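A structural walkthrough
Below, each chain spelled out in residue letters.
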Amino acid sequence: MTNKPTKNTVKHVLFGSLIGTTIEFFDFYIFANAAVLVFPQLFFPSSDATLATLQSLATFSIAFLSRPLGSAFFGHYGDKIGRKFTLVAALLTMGMSTVAIGFLPSYASIGIAAPLLLMLCRFGQGVGLGGEWGGAVLLAIENAPPNKRAWYGMFPQLGAPIGLLLSGGTFLILTDTMSNEDFMSYGWRIPFIASSLLVLVGFYIRTKITETPSFENSKKEQEAVKIPFFSLVKSYKNQLIFGTLAAVTTFLVFYLMTIFTLSWATSDLGYSKRDALLLQLFSVLFFAICIPVSAVVADRFGRRKILMLATALIAVFGFFFSFFLNSGQNILITTFVCMGMALMGFTYGPLGTFLSELFPTQLRYTGASLTFNLAGILGAAFAPMIAIWLATTYNLTYVGFYLTATSTVSLLAFLIIKKDKQEF
């Protein structure tokens, strides 16, 4: 007599998808904070502070370039041998890369090797996150009832604001409790090394999860394809191309509200590091609240409609960029960042479900992951650098135009994209 595999409980599924993305995004964002607050001084010394910041942000962008590689690699095995093994492997890849950053010597110690090693670790972070996100979303929605798919799919999305709160809060505590000299000497390393504890927790939880019913059914019906990537490009080009363009605005608005705003507030608006981090952490609450709200609405009225509405509002929001940030009034600047993060929550909440529903089970891990992470290259990899260049070369109005133009492209993509009904 053989034992039937244990079915995942709702609590196990949702917590398992959430904990992994929380850890992954915590790792990802502590690098983002350090790229603005620490790395320019320690890894990219330059007499020009703006140049050092741009060099540091270029390192930040490497992860977005490597994320599609992680999507293709982990997606291949996620579609071929299962979601569970792949999720564990992606988590470990991200975790080891992050911990390694905490032990890197600075430019003053080993010269040019320091930024090169930093770039290698950042590459590893991108590969890990490229495989993590898609698997976490599929773990949730492939266990979901049809009428609650967006609700289940928003739990891994919640990992983003929680990870950002944890990373920003960690940096805030460190800067509050340490002198600037101690923080720059060793304090910044603490969150990178401490992330190993979170990875161990995530690893334990992920190993207890069984495969999703959708994947098991697909395997029983022998629907697996030899090389998912080639099948995806051959049969689902429309979904891949226009799904990517549709998701670009989500990335752009987020990184303008976080990395660009953090950099601009501390360099040009006169905010201290502490005040800028506090502003960012407060705005993340609006991001977190709007994710479940958008999921509820998306399950009722449809994913595409809610995403198009949110994207249209972001396009309008772009016209007010300069008005708020150049106001010189804390209340208006705070309102601006909170509005941007709220809009981010509305577009981010249903996005994972929408992208996953574009592809059949045997291609879903690869398809959803690649679409999401290719959008990351277009919308986020160079967004902070482009925004800083636009703001310093022209003015903040052009940063807003950049956001509005990108939103318009995404709106057109939502209209064009072909969305067939896929079995789950």
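Reading the values: rules and limits
- Residues numbered from 1 in each chain as written.
- Predicted model: local features only at pLDDT ≥ 70, side-chain atom pairs only at ≥ 80, totals over all residues.
- Heavy atoms only, no water.
- UniProt positions renumbered as here; feature names shortened; annotations may be inferred.
- Helix = DSSP H or I, 4+ residues; strand = E, 2+ residues; numbered from the N terminus.
- Rg over C-alpha atoms; globule rule 2.2 N^0.38 Å.
- Buried < 20%, exposed > 50% of the residue type's maximum accessible area, 1.4 Å probe, protein only.
- Contact = heavy atoms within 4.5 Å.
- Lys, Arg positive; Asp, Glu negative; His and termini not counted.
- Charge placed at Lys NZ, Arg CZ, Asp CG, Glu CD.
- Patch = residues over 30% accessible without salt bridge, like charges linked within 9 Å, V, L, I, M, F, W, Y side chains within 5 Å.
- Areas by Shrake-Rupley, 256 points an atom, 1.4 Å probe, with all protein chains shown as cover.
- Salt bridge = Lys/Arg side-chain N within 4 Å of Asp/Glu carboxyl O.
- Phe/Tyr/Trp six-rings, centres within 6.5 Å; stacked < 30°, edge-to-face > 60°.
- Lys NZ or Arg CZ within 6 Å of the ring centre and 35° of its normal.
- Expected span 1.5 Å × (residues − 1).
- Axes fitted to C-alpha atoms, helices over the stretch in contact; angles between N-to-C directions.
- Parallel < 35°, antiparallel > 145°, perpendicular 65-115°, else oblique.
- Left-handed = near helix turned anticlockwise from the far one by under 90°.
- Nonpolar A, V, L, I, M, F, W, Y, C, P; charged D, E, K, R; others polar.

As annotated in an unreviewed UniProt entry, the protein carries the name MHS family MFS transporter and comes from Flavobacterium erciyesense. If you open the UniProt record of the protein and go to Subcellular location (unreviewed entry), you find "Cell membrane".

Below, the discussion takes up the overall build of the protein. In terms of regular secondary structure, the protein is built from 21 helices and 0 strands. Scaling as 2.2 N^0.38, a compact globule of 424 residues should have a C-alpha radius of gyration of about 22 Å, and the protein matches this with 21 Å. Here the C-alpha coordinates of the protein stretch approximately 70 × 45 × 35 Å along the principal axes. A burial count over the protein gives 59% of its 424 residues as buried. A separation threshold of at least 6 residues defines the contact pool for the protein, and within that pool the share at least 24 residues apart is 86%. When the 28 basic and 19 acidic side-chain charges of the protein are each reduced to a single mean position, those positions are 10 Å apart.

Another point: a nonpolar patch on the surface. Side chains of Val316, Phe319, Phe320, Phe323, Trp389, Tyr394, Tyr398 and Phe401 sit close together on the surface and give an oily, nonpolar patch of about 870 Å² of accessible area. Within the secondary structure layout, tyrosine 394 lies in the loop between α20 (383-393) and α21 (396-416).

Counted according to the given criterion, the structure contains 33 aromatic pairs. Centroid distance tryptophan 151 to phenylalanine 155: 5.7 Å. Interplanar angle 90 degrees. Geometry classified as edge-to-face. Here the residue tryptophan 151 and the residue phenylalanine 155 both occupy positions in helix α7 (residues 149-157), the gap between them amounting to 4 residues, near one helical turn. When its relative accessible area of 31% is taken as the criterion, tryptophan 151 is described as partly exposed. Of the residues examined, phenylalanine 155 reaches a relative accessible area of 17% and is grouped as buried. Aromatic ring contacts, followed pair by pair, group Tyr29, Phe64, Trp133, Phe251, Phe254, Tyr255, Phe287, Tyr348 and Phe372 into a single cluster. Over the face of the ring belonging to phenylalanine 31 we find arginine 122, whose NZ or CZ atom lies 4.2 Å from the ring centre.

This part covers helix α1 (residues 10-37). With 28 residues, α1 ought to run about 40 Å at 1.5 Å a step, and its terminal C-alpha atoms sit 40 Å apart, in line with that. The element α1 is extensively covered by neighbouring structure, given that 24 of its 28 residues are classed as buried.

Okay, the packing of α7 against helix α14 (residues 273-301) next. When two helices pack together, their arrangement is given by the angle between the helix axes and the distance between those axes. Look at α7 against α14: their axes get within 8 Å of each other, and the N-to-C directions meet at 160 degrees. As summarised for this structure, α7 and α14 are arranged roughly antiparallel, according to the angle between their axes. Where α7 crosses over α14, the two elements pack in a sense that is right-handed. Residues Arg149, Ala150, Trp151, Met154 and Gln157 of α7 form the contact with α14, whose own contacting residues are Ile291, Pro292, Ala295, Val296, Ala298 and Asp299.

Turning our eyes to something else, we now look at the packing of helix α3 (residues 49-80) against α20. At a minimum axis distance of 8 Å, the contact between α3 and α20 shows a crossing angle of 150 degrees. By the criterion of interaxial angle, the relationship of α3 to α20 is roughly antiparallel. For the pair α3 and α20, contact is made by Leu54, Leu57, Ala58, Phe60 and Ser61 and by Pro384, Met385 and Ile388, respectively. In the contact of α3 with α20, the residues fall into 7 nonpolar, 1 polar and no charged.

So, about the pattern of salt bridges. Pairing between side chains becomes possible if they bear opposite charge and their charged atoms approach one another. Taken as a whole and assessed by the stated rule, the structure comprises 5 salt bridges. A salt bridge links arginine 274 to aspartate 176; the nearest nitrogen and oxygen atoms lie 2.7 Å apart. Taken together, the positions of arginine 274 in helix α14 and aspartate 176 in helix α8 (residues 159-177) put the pair 98 residues apart, joining distant regions of the chain. Given the relative accessible area of 41%, aspartate 176 is considered partly exposed.

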